[in-house]
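If you want the building blocks of each chain, they are given just below.
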Amino acid sequence: MSAVIGGVRGRHASARSGGLAHLLALIAGLSALPMVAAVARQGHCVAKGWNGDEQFWRGCFSDLPAQHQIAGLDRGLGGWIAGDLGLEQLPLLSGAMALVAELVPDGGWLDSSRWYLALWAVIVAALVASGVVAIGLTRPDRLDLATQAALSPVYVVAALLSADMLVVALVLWSMWAWSARRAGLTGVLLGLAMLGHAWVWGVALALVGAALARERRAELARALGTALAVVAGAGAVLLALTPSLVTAPVRAWWAMGSGYGSPWHVPALLGSALPAWSTTTLTALGALAAAILGLALLRRPGRVPSWAQLAAVVVPVLAITGKATPVQAALWVVPLAILAGVSWRTHLLVVAVEAVHASALWLYIGGLTDADKGLPAQWYAVVILARVVAWGLLLWSLWATPEETAVEGEGGVSGSSSTPRISGAAAAPATLDRLPASSTPVPAAGQRRINPPVTERP
């Protein structure tokens, strides 16, 4: 328990209580606490339904039941394969949403929406716990990071808004596979994640940089080759089966202008929306900035960042400079930042700003139909800019996070032993036959030791 809560293990405690498996089971169980709060936030909408402006005033909007109602998810996998569903997610997520819809019992729209959210609540809770375990296995020397991931309030804010936690869990497990030197499994998991969200391609780019910096070229070739083979193989099958499953999300992204949460949406909030081509250009420049920042991190003297640390710098830049930066983007960023070693203080600051942004967004959307109750567009623009500043502070914190000294791939992201400990710097075992050497000379026989006053400086 000392690696989690901070107390000293009692002398009557079982030896198993300090094992990695036992501690990870306990930590993963803690993730139920924020997930219960996330479900509780949906209380009003569960009772009254996800429709009208009330879901925004109550802060219980979720894209999952909304998509079940408006995208034709009641048709299940058959409708997805036929391309009849109105989903704009990439194939992995759209297919997962259609698959879960198959499990919803027949009934009215409200009962079906409740079932759909309940099923996803169970799935997301399992994915959150799974991600916590992946972080713990990747960094067994820093179980405080797994505890951060388990108790993060980011799940209260964003976990039940979408199916994005599936992609996040795949990314976290791919990082564990890389740390365990399982390049093939890394490629499979990363390839599946790349089929779910565009930001994962930034994670793949970070893998290239981190692997080359650590001279793991052969493993990189295998992992990246496997990932691209998964993407190409699945893409070829989907294009042959139903091309719109692949092309429709790309066309929708290309045609859209700025969206909620993006700094490129601020001009629209002030009355002068940017044309679609300019937001596409700005997004491309943002991707270039992310690559340059990652390269700068790699070239810092005396520092070789791990994959997680590099990805935790690249992904926030990709997300905040995208055409839209939805509330659930916090799910993409926070777990990676935790795995990279961000502090609780920075973590909670970012999530607090994310909670304010989510509330501001719901109030702004509600205000589009009732201006007397809603948030004015100008104030929502201020919140977006404050969010950009908070993410900038996160990047600064990650930039300043000290790098571990061991070699990546020997038990952890930056190397670790299998002994759980609460901080990155482990002390040598304190045993009677292995005590630190004293810097004070031992007096000879017959001599008296003279100790200085406690107030005297050396």
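Before reading on, note that the structure itself is shown above.
Peer 1: How should I be thinking about the overall build of the protein in this particular structure?
Peer 2: Of the regular secondary structure elements, the protein holds 21 helices and 0 strands. Put simply, 74% of the contacts in the protein that link residues at least 6 apart link residues at least 24 apart. As displayed, the protein offers around 21300 Å² of accessible surface, 66% of which is attributable to carbon and sulfur atoms.

Peer 1: Would you take a moment to explain the state of the cysteines for this structure?
Peer 2: Such a bond, covalent and formed between the sulfur atoms of two cysteines, is termed a disulfide. Applying the stated criterion to the full structure yields 1 disulfide. Between the sulfur atoms of Cys 45 and its disulfide partner Cys 60 the distance amounts to 1.9 Å. The sign of the S-S torsion, about 65°, decides the handedness of the disulfide formed by Cys 45 and Cys 60: right-handed. Highlighted residues: Cys 45 in helix H3 (residues 43-48) and Cys 60 in the loop between helix H4 (54-57) and helix H5 (63-70), separated in sequence by 15 residues. Per residue, the accessibility class of Cys 45 equals that of Cys 60, and both read buried.

Peer 1: Looking at this model, I keep getting lost on the environment of Trp 264. Mind explaining?
Peer 2: Within the secondary structure layout, Trp 264 lies in the loop between helix H15 (244-255) and helix H16 (266-269). As for Trp 264 and Lys 323, which are separated by 59 residues in sequence, their C-alpha atoms are 6.9 Å apart. Of the polar contacts made by the side chain of Trp 264, one reaches the backbone oxygen of Thr 321; its length is 2.8 Å.

Peer 1: Please explain the pattern of salt bridges as it appears in this structure.
Peer 2: For side chains bearing opposite charge, pairing can occur when the charged atoms are close. Following the criterion strictly, the structure yields 8 salt bridges and no others. Notably, a salt bridge pairs Arg 58 with Glu 54, separated by 3.0 Å at the nearest N-O pair. Note on Arg 58: relative accessible area 51%, which makes it exposed. Owing to a relative accessible area of 33%, Glu 54 belongs among the partly exposed residues under this scheme. Taking the shortest distance from any N to any O, the salt bridge between Asp 141 and Arg 139 comes out at 3.6 Å.

Peer 1: What is the right way to read unusual backbone geometry from this model?
Peer 2: Among all residues except glycine, the phi angle is most often negative; among peptide bonds, the trans geometry is most common. The backbone of Arg 181 sits at a positive phi, close to 60°, despite the residue not being glycine. Position of Arg 181 relative to the elements: it lies in the loop between helix H11 (165-179) and helix H12 (183-194). Non-glycine residue Glu 215 carries a positive phi angle of around 60°. Relative to the elements of secondary structure, Glu 215 occurs in the loop between helix H13 (200-213) and helix H14 (217-241).

Peer 1: Would you take a moment to explain the packing of aromatic side chains for this structure?
Peer 2: Considering all chains together, one arrives at 9 aromatic pairs under this definition. Ring geometry for Phe 56 against Phe 61: centres 5.4 Å apart, planes inclined by 25°, an arrangement best described as stacked. Summarising the burial analysis for this pair, Phe 56 and Phe 61 share the class buried. Ring geometry for Trp 253 against Trp 254: centres 6.2 Å apart, planes inclined by 55°, an arrangement best described as tilted. For Trp 254, a relative accessible area of 58% translates into the label exposed. Taken together, the aromatic side chains of Phe 56, Phe 61 and Trp 362 make up a single cluster linked through ring pairs.

Peer 1: Would you mind showing me how to read the packing of H11 against H13 here?
Peer 2: Axes are the key here: two packed helices are described by the angle between their axes and the distance separating the axes. It is the contact of H11 with H13, at a shortest axis distance of 11 Å, that shows an interaxial angle of 10°. Comparing their axes, H13 and H11 come out roughly parallel. The element H11 and its partner H13 pack so that their crossing is right-handed. Of H13, the residues touching H11 (which contributes Val 167, Val 171, Met 175 and Trp 178) are Val 200, Val 203, Leu 207 and Ala 211. Taken together, the residues of the contact of H11 with H13 break down into 8 nonpolar, no polar and no charged.

Peer 1: Quick question: what am I supposed to make of the side chain of His 68 here?
Peer 2: Tracing the backbone through its elements, the reader meets His 68 in helix H5. Discounting residues that sit within four places of it in the chain, His 68 has contacts with Leu 73, Asp 74, Ala 101, Val 104, Ser 112, Ser 113 and Tyr 116.

Peer 1: Explanation requested: H13 in the structure shown.
Peer 2: For H13, built from 14 residues, the straight-helix expectation of 20 Å at 1.5 Å per residue is met to within 8% by its first-to-last C-alpha distance of 20 Å. What H13 keeps buried is the set Val 200, Gly 202, Val 203, Ala 204, Ala 206, Leu 207, Gly 209, Ala 210 and Ala 211. Where H13 is buried, its residues contact H11, H12, H14, helix H17 (276-298), helix H18 (307-320) and helix H19 (329-339). Note on H13: the residue one or two positions beyond its end, Glu 215, has a positive phi of about 60°.

Peer 1: Help me understand H5, please; the structure alone is not making it clear to me.
Peer 2: The α-helix advances 3.6 residues per turn, and as a result positions three or four apart in sequence lie on the same side. All of the buried residues along H5 are Leu 64, Pro 65, Ala 66, Gln 67 and His 68. Residues of H5 that are buried sit in contact with helix H7 (91-101) and helix H8 (109-138). In this structure Ser 62 caps H5, since a side-chain oxygen of it lies 3.3 Å from the backbone nitrogen of Leu 64. A positive phi of about 75° marks Gly 72, the residue just after H5.

Reading the values: the criteria
- Note that residues are indexed from 1 along each chain, following the sequence as it is written.
- Where totals are concerned, whole chains, interfaces and linings use all residues; where local detail is concerned, this predicted model gives features only for residues with pLDDT of at least 70, and gives and counts side-chain atom pairs only at 80 or more.
- With hydrogens and water excluded, all non-hydrogen atoms of the structure serve as input to the side-chain values.
- Numbered from the N terminus, helices here are DSSP runs of H or I no shorter than four residues, and strands are runs of E no shorter than two.
- We call two residues in contact whenever any of their non-hydrogen atoms come within 4.5 Å of each other.
- For every accessible area listed, the method is Shrake-Rupley and the probe measures 1.4 Å; residues are considered covered only by the protein chains on display.
- In this description, a disulfide is simply a cysteine sulfur pair whose atoms lie within 2.5 Å.
- Exposure is judged per residue with a 1.4 Å probe applied to protein chains only, and the accessible area is read against the type maximum: over 50% gives exposed, under 20% gives buried, and values in between give partly exposed.
- Whenever two N or O atoms come within 3.5 Å, that pair is a polar contact, provided that in protein one can donate a hydrogen and the other can accept it, and provided that, for residues adjacent in sequence, both atoms are side-chain atoms.
- Salt bridges are counted wherever a side-chain nitrogen of Lys or Arg sits within 4 Å of a carboxyl oxygen of Asp or Glu.
- The pairing test for Phe, Tyr and Trp rings, Trp by its six-membered ring, is centres within 6.5 Å, and the orientation test on the planes gives stacked under 30 degrees, edge-to-face over 60, and tilted for anything in between.
- Axes here refer to lines fitted to C-alpha atoms; in helices the fit is confined to the stretch in contact. Angles between the N-to-C directions go from 0 to 180 degrees.
- The cut-offs work like this: below 35 degrees is roughly parallel, past 145 is roughly antiparallel, 65 to 115 is roughly perpendicular, and the gaps in between are oblique.
- Crossing handedness: left-handed means the near helix sits turned counterclockwise from the far one by under a right angle, and right-handed means the same turn made clockwise.
- Polarity classes work like this: nonpolar for Ala, Val, Leu, Ile, Met, Phe, Trp, Tyr, Cys and Pro, charged for Asp, Glu, Lys and Arg, and polar for all others, with Gly in that last group.
- Given the number of residues in a helix, its expected span is that number minus one, multiplied by 1.5 Å.

Functional significance is not addressed by these values, which are geometric in nature.
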